[in-house]
Amino acid sequence: MSRKKKPFYQMMAAQMQIPKDLSQGAVLLSVTGRDEVFIENYKSILEYTNQRVLLQTKSGKLEVRGKNLHIVYYTCNEMRIEGILESIHY
């Protein structure tokens, strides 16, 4: 049985207990109830309507669906979306 070796930086990050969102740029979501989501470490906005926000992340696409969705603010690596959240898909 073959085991894939982790890259050196991943092993060092694990040893130093550095969170994956910092060491690997993993997407980080903070959901507040059904009406707000804060997203960190996204790459780009692929689609934005009042019912769907589709984002490109390092590991793939992230879709937020709902009603009356609007992006309250965004920077090059974080954003806050408000509205009635129905689903979040990777």
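Within each chain, residues carry numbers counting from 1 in the order of the written sequence. Thresholds applied to this predicted model are a pLDDT of at least 70 for local features of residues and 80 or more for the giving and counting of side-chain atom pairs; totals over whole chains, interfaces and linings are not thresholded and use all residues. Note: side-chain values were computed over all heavy atoms of the structure, leaving out hydrogens and water.

Colleague: Run through the sheet that holds strand 1 (residues 28-32), naming residues and quoting values.
Modeller: By this definition, two strands are paired if DSSP reports at least two bridges between them. Starting at the N terminus, helices and strands are each numbered in turn, a helix being any DSSP run of H or I of at least four residues and a strand any DSSP run of E of at least two. Ordered in space as 1-2-6-5-4-3, the six strands form an open sheet in which the pairing is antiparallel. Sheet topology places strand 1 and strand 3 (42-48) at the edges, where each strand pairs with a single neighbour. Averaged over all neighbouring strand pairs, the angle between strand axes comes to 45°, with direction disregarded. With nine bridges connecting them, strand 5 (residues 60-74) and strand 6 (residues 78-89) associate as antiparallel partners. Residue glutamate 63 lies in a different strand from strand 6, and its bridge partner there is histidine 89. Fitted lines through C-alpha atoms serve as axes, helices being fitted only where they are in contact, and the angles separating the N-to-C directions of these axes extend from 0 to 180 degrees.

Colleague: Outline a nonpolar patch on the surface, supporting the account with residue identities and numerical values.
Modeller: Like-charged residues are merged into a patch within 9 Å and nonpolar side chains (Val, Leu, Ile, Met, Phe, Trp, Tyr) within 5 Å, provided each residue has over 30% relative accessible area and no salt bridge. Only the protein chains shown count as cover for residues, and all accessible areas are computed by the Shrake-Rupley method using a 1.4 Å probe. Should a side-chain nitrogen of Lys or Arg be within 4 Å of a carboxyl oxygen of Asp or Glu, the pair is scored as a salt bridge. Judged by side-chain polarity, Ile45, Tyr48 and Tyr74 come together as a nonpolar surface patch covering roughly 320 Å² of accessible area. Looking at the element boundaries, isoleucine 45 is found in strand 3. Only protein chains enter the accessibility calculation, which uses a 1.4 Å probe; a residue whose area is less than 20% of its type maximum is buried, one above 50% is exposed, and one in between is partly exposed. Judged by relative accessible area, isoleucine 45 falls into the partly exposed class, the value being 33%.

Colleague: Could you give an account of the side chain of glutamate 63, with specific residues and numbers?
Modeller: Relative to the elements of secondary structure, glutamate 63 occurs in strand 5. We call two N or O atoms a polar contact when they sit within 3.5 Å, provided that within protein one can donate a hydrogen and the other can accept it, with sequence-adjacent residues counted only if both atoms are side-chain atoms. A distance of 2.6 Å separates the side chain of glutamate 63 from the side chain of arginine 52, its partner in a polar contact. Those residues within four positions of glutamate 63 in sequence are excluded, and the remaining contacts are Arg52, Val53, Leu54, Ser87, Ile88 and His89. Residue contacts are defined here by distance: any two heavy atoms, one from each residue, within 4.5 Å place the two residues in contact.

Colleague: An account of the environment of tyrosine 73 is requested, with residue identities and associated values reported.
Modeller: By the secondary structure assignment, tyrosine 73 is in strand 5. The class of tyrosine 73 is partly exposed, set by a relative accessible area of 30%. In the structure, tyrosine 73 is positioned 35 residues away from phenylalanine 38 in sequence and 9.8 Å away in space, judged by C-alpha atoms. When neighbours within four sequence positions are excluded, tyrosine 73 is seen to be in contact with Phe38, Glu78, Met79 and Arg80.

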